[in-house]
Amino acid sequence: MDNLNTNRDVREQQDTLYESGMKSLVRSMQIVFVFLVVVILGMLIRFLTLEGYFHVQKGQEAVVVLRFGKYVGTFNEGWHWFMPYPIHRFITFRTNRQILPVSFLPAKRPQIPGQPPQGRPLVPGQDAYLITGDANIIHTEWAINYRIINPEEYYRNTSWPQDPLGPDKIEESEIPGPRGPRTLLTSLLHDAVIKVTASMLVDDILTKQKLFYKDRVLSLLRKSVAEMNCGVEIIGLDLNNVSPPLKTKDAFTAVTNAGTAASALVDKAKEYKVREENNVQTKVVQIKADATVYKTFVVTQAKADSVYFESIYKEYERNPDTVLMALYNNTLSEVLDKISQKYIIPVRAQGKQEVRIKINPELIKQKNKDSKEGA
Amino acid sequence: MTENNKFFTHWPTVLLGFIVAAFFLVAIFSFQIDETETAIVTTLGTPSEEPVKPGLHLRWPYPIQKVYRFDRRTRCFSGTIGKDGQETSTRDSQNIIISIFINYRISDALKFYSSFVTIPQGEVQLNNWIRGTSLEVFGRYNFGQLVNVDSKKMCLTKIQDEILKELKVKAEPSGIDVSFVGINSLNIPESISKSVFDRMIQERKVQAEKFLAEGKSEAQKIRTDINRKRDDIIAKATAEAKEIRAQGDAEAARYYAAYKKSPELAAFLRKLDSLRTIMKSKTTLILDTDSAPFDVFKMDAEKLKIAGPQKK
């Protein structure tokens, strides 16, 4: 009997323990369930509210909204809310200025240290270059400045990548490669540059018509882009570098130097021209002035001589010999007075005589003086 | 507690279950087509008669129905020749390496699906068409029609138009619209580029010499011109000066009319004037004693009596 009672007590104790355990489990499950419901409701509320909000930075980006894949509209600024995915989808495009570098340069190859880079033949597929209208080769570097001005057209017509702000997607198909809008713009620039380069002379492109060259490429690029209806506007195009191949660079430098030397020659000649023009004017003035002075002098002299003659003539008429002798002697004494070297030689009766005179004694004196100073 | 009471007590849980189930059902039995896409739905392998338009559409799940989506945006495609270019010959047997690109879009999804099923397969065919057509068209032109400074002789645009026209004809039956053909590169083989460099260097040498020669010639021309001009101006000025001098002489001559009264006296006076002008301090003068007044040096006493002063 005691044993029976003991067994019943044990069973009751076990039942009580089982019941309380079950209760604890149910309570725990209930807590977990409530927690899950709260989490799901929270996610649902977040999904229906925050997921549908987006903000557009004016001038920087535009958001295209689709409802079940259909175009709804483009939003260029402000806060907006739509029912989120899968009902609506929001695609953000950059609408500010973007720069796309494009180059026609040879591939970079390892150089020998300490030696200048050497030119070598160009390998198609590795080295990019252009052929000019006169069948020469040049390299150029460009930068396209563009922006998306019509996000709807851009969205509809260009094969923009999954991340519209990122680079073009490289498609991993049998023919791998990008197909996107940046590839399109790069290819259109390639086309424009090749066409324009192939129609111009190398010297024009490298020197005097560089700006014209760039403008022609820009014009052609704008035309092609407009025909694409891709919602892109070409703001500008920079020609950052245009150069001949490395192997021919020295030859082109020699041409530039020759041009500079030729210009220097011409400039020197022009300088000579200006100098001569000034000199000749001075000379002309001098010649005319001399002539005028001569004229004045001659007339004045003639007038004075005439007056002098008239005054002498009156006396001469009265006493010609005396006047002549007096005039002669006066003049001779006046003239001889000025002359330092005078030699009066007596006339011999036979009429023949030898006279030796050392002329220019001043030169000898000067020579002697110089030798003394040198000593 | 009745069944109804249980339902109302746990309605949030039931609603949540419905929502989740609805999501799964919609996901399984519907599909979305974007504005940038077109699609073909096959039912047990049979394609639909019309391409699916953008929007939300219902469908039976796979394997009953299958959706083939095609991107219908313009794709810039250069094929395999876009990488390294393709060597070909022009009509005048000049070797060139060309690379072209095309812009295309799928204009008819049903035709495209019937022809290729997928875009990669379609692009393989398109690549073959590009290669074949570009080789054929470039072979009709001379090298001088690819690069030329004379716009009338330059035919690159014409070549592109011809390739475009032929590609359109080939691609249109397959639902592909080729809208543009452009040139990605126009190169020459490596061996030829070396000879082009040599020619360029030679041409530059000639040009450098030409520049120098032109510079010298122009400089010489400027100098010659100015010298000639200077000589002309001086000649004119000299002529004018001569005229002025002549005027002076003519005017002076009027005063010389007075000399008619005694030409001998006039001549004598002029001689004296000349003596004054000619004789300067550095002149060496040699005279003999026959010249007056030095004749006094040889006079004898008798003559001196006559010539000298008389004693009274």
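Every chain's residues receive numbers from 1 upward, in the order its sequence appears when written. Chain labels run from A onward and ligand labels from 1 onward, assigned in the order the entries are written. Only residues with pLDDT of at least 70 are given local features in this predicted model, and only at 80 or more are side-chain atom pairs given and counted; all residues enter the totals for whole chains, interfaces and linings. Excluded from the side-chain calculations are hydrogens and water; all other atoms, namely the structure's heavy atoms, are used.

Draft legend 1. How the structure looks around the overall build of chain A. The number of helices and strands found in chain A is eight helices and 12 strands. All radius of gyration figures rest on C-alpha atoms, and the globule criterion is 2.2 Å times the number of residues raised to 0.38. Computed over its C-alpha atoms, the radius of gyration of chain A comes to 55 Å, more than 25% above the 21 Å expected for a compact globule of 375 residues. Dimensions along the principal axes, computed over C-alpha positions, put chain A at roughly 210 × 60 × 45 Å. The classification of residues rests on relative accessible area computed with a 1.4 Å probe and restricted to protein chains. Under 20% of the type maximum is buried, over 50% is exposed, and intermediate values are partly exposed. Evaluated residue by residue, chain A yields a buried proportion of 36% over its 375 residues. Two residues form a contact once any of their heavy atoms are found within 4.5 Å. The contacts in chain A between residues at least 6 apart in sequence include a share of 65% that link residues at least 24 apart. Between the centroid of the 48 positive side chains of chain A and the centroid of its 42 negative side chains there is a distance of 6 Å. Helix and strand assignments follow DSSP, with helices taken as H or I runs no shorter than four residues and strands as E runs no shorter than two, numbered in order from the N terminus. Note on charges: Lys and Arg go in the positive column, Asp and Glu in the negative column, and His and the chain ends are not counted at all. Where a charge lies is defined by one atom per residue type: Lys uses NZ, Arg uses CZ, Asp uses CG and Glu uses CD.

Draft legend 2. A look at the overall build of chain B. Counting its regular elements, chain B contains nine helices and 10 strands. Against the compact-globule benchmark of 20 Å for 312 residues, chain B has a radius of gyration of 57 Å, which places it well outside the compact range. In terms of its C-alpha atoms, chain B occupies a principal-axis envelope of roughly 200 × 65 × 35 Å. Split into buried and exposed, the 312 residues of chain B put 37% on the buried side. Restricting the contact set of chain B to residue pairs at least 6 apart, pairs at least 24 apart contribute 67%. Counting only carbon and sulfur atoms, one obtains 58% of the accessible surface of chain B, whose full area is about 18100 Å². In these tables, accessible area is a Shrake-Rupley quantity obtained with a 1.4 Å probe, and a residue counts as shielded only by the protein chains included in the view.

Draft legend 3. Main features of unusual backbone geometry. In this structure, Pro86 of chain A follows Tyr85 of chain A across a cis peptide bond, with omega equal to 15 degrees. Here Pro86 of chain A shows up in the loop between β4 (78–81) and β5 (88–94). The omega torsion of the bond from Tyr62 of chain B to Pro63 of chain B falls at 15 degrees, within 30 degrees of zero and hence cis. Position of Pro63 of chain B among the secondary structure elements: in the loop between β4 (55–58) and β5 (65–71).

Draft legend 4. Local environment of the nonpolar core. In these notes, a set of buried Ala, Val, Leu, Ile, Met, Phe, Trp, Tyr and Cys residues joined through side-chain atoms within 4.5 Å is what counts as a nonpolar core. Ile144 and Tyr213 of chain A are the most contacted members of the largest nonpolar core, which totals 93 residues. With eight residues, helix α3 (residues 181–197) of chain A is the largest single contributor of residues to this core. Excluding its chain neighbours within four sequence positions, the residues that come into contact with Ile144 of chain A are Gln98, Ile99, Leu100, Val102, Leu185, Leu189, Leu221, Ile234, Gly236 and Leu237 of chain A. In this structure, Ile312, Tyr313 and Val323 of chain A together with Leu272 of chain B belong to the second largest nonpolar core, which totals 12 residues.

Draft legend 5. Representation of helix α6 (residues 249–318) of chain A within the structure. The terminal C-alpha atoms of α6 of chain A lie 100 Å apart, and with 70 residues this matches the ideal 104 Å at 1.5 Å per residue to within 8%. Two axes are fitted around each residue, one to the seven residues ending there and one to the seven starting there, and the angle between them is reported as the bend at that residue. Along α6 of chain A, the helix axis deviates most sharply at Ile312 of chain A, where the bend reaches about 25 degrees. For a helix, the expected span equals 1.5 Å multiplied by the number of residues minus one.

Draft legend 6. Region of the structure containing the sheet that holds strand β2 (residues 61–67) of chain A. Residues and elements named next belong to chain A. If you walk across this open sheet you meet the three strands as β3-β2-β5, and the pairing is antiparallel. Every other strand in the sheet has two partners, leaving β3 (70–75) and β5 as the edge strands with one partner each. Neighbouring strand axes in the sheet, compared pairwise and without regard to direction, differ in orientation by 25 degrees on average. Alignment of β2 against β5, held across seven bridges, turns out to be antiparallel. Bridging from a neighbouring strand, Val65 pairs with Phe90 of β5. Any two strands with at least two DSSP bridges between them are considered paired. Here an angle of 0 to 180 degrees is reported between the N-to-C directions of two axes, which are lines fitted to C-alpha atoms, with helices fitted over the stretch in contact.

Draft legend 7. Summary view of the interface of chain A and chain B. In this complex, chain A contributes 120 residues to the contact, which on the side of chain B involves 115 residues. Once two parts are brought into contact, the accessible area they lose, counted with a 1.4 Å probe and summed over both, makes up the buried area. Across the interface of chain A and chain B, roughly 10600 Å² is buried in total on both sides, 68% from carbon and sulfur atoms. Within this document, salt bridges are pairs made up of a side-chain nitrogen of Lys or Arg and a carboxyl oxygen of Asp or Glu, the two lying within 4 Å of each other. Linking chain A to chain B there are 10 salt bridges. The residue Asp34 of chain B makes a salt bridge to Arg89 of chain A at a minimum N-O spacing of 2.5 Å.

Draft legend 8. Main features of the side chain of Asp191 of chain A. Structurally, Asp191 of chain A can be placed in helix α3. Exposure remark for Asp191 of chain A: the relative accessible area of 1% places this residue in the buried category. Not counting residues up to four positions away in its chain, the partners in contact with Asp191 of chain A are Phe101, Gln160, Phe180, Gly182 and Ile183 of chain B.

Draft legend 9. Region of interest: the sheet that holds strand β2 (residues 37–43) of chain B. Residues and elements named next belong to chain B. Strand order in the open sheet formed by three strands is β3-β2-β5, with antiparallel pairing between adjacent strands. The two strands at the open ends of the sheet, each matched to only one other strand, are β3 (46–47) and β5. Summarising the sheet, β2 and β3 pair through two bridges and their orientation is antiparallel. When the sheet's bridge partners are listed, Thr42 is paired in β3 with Pro47.

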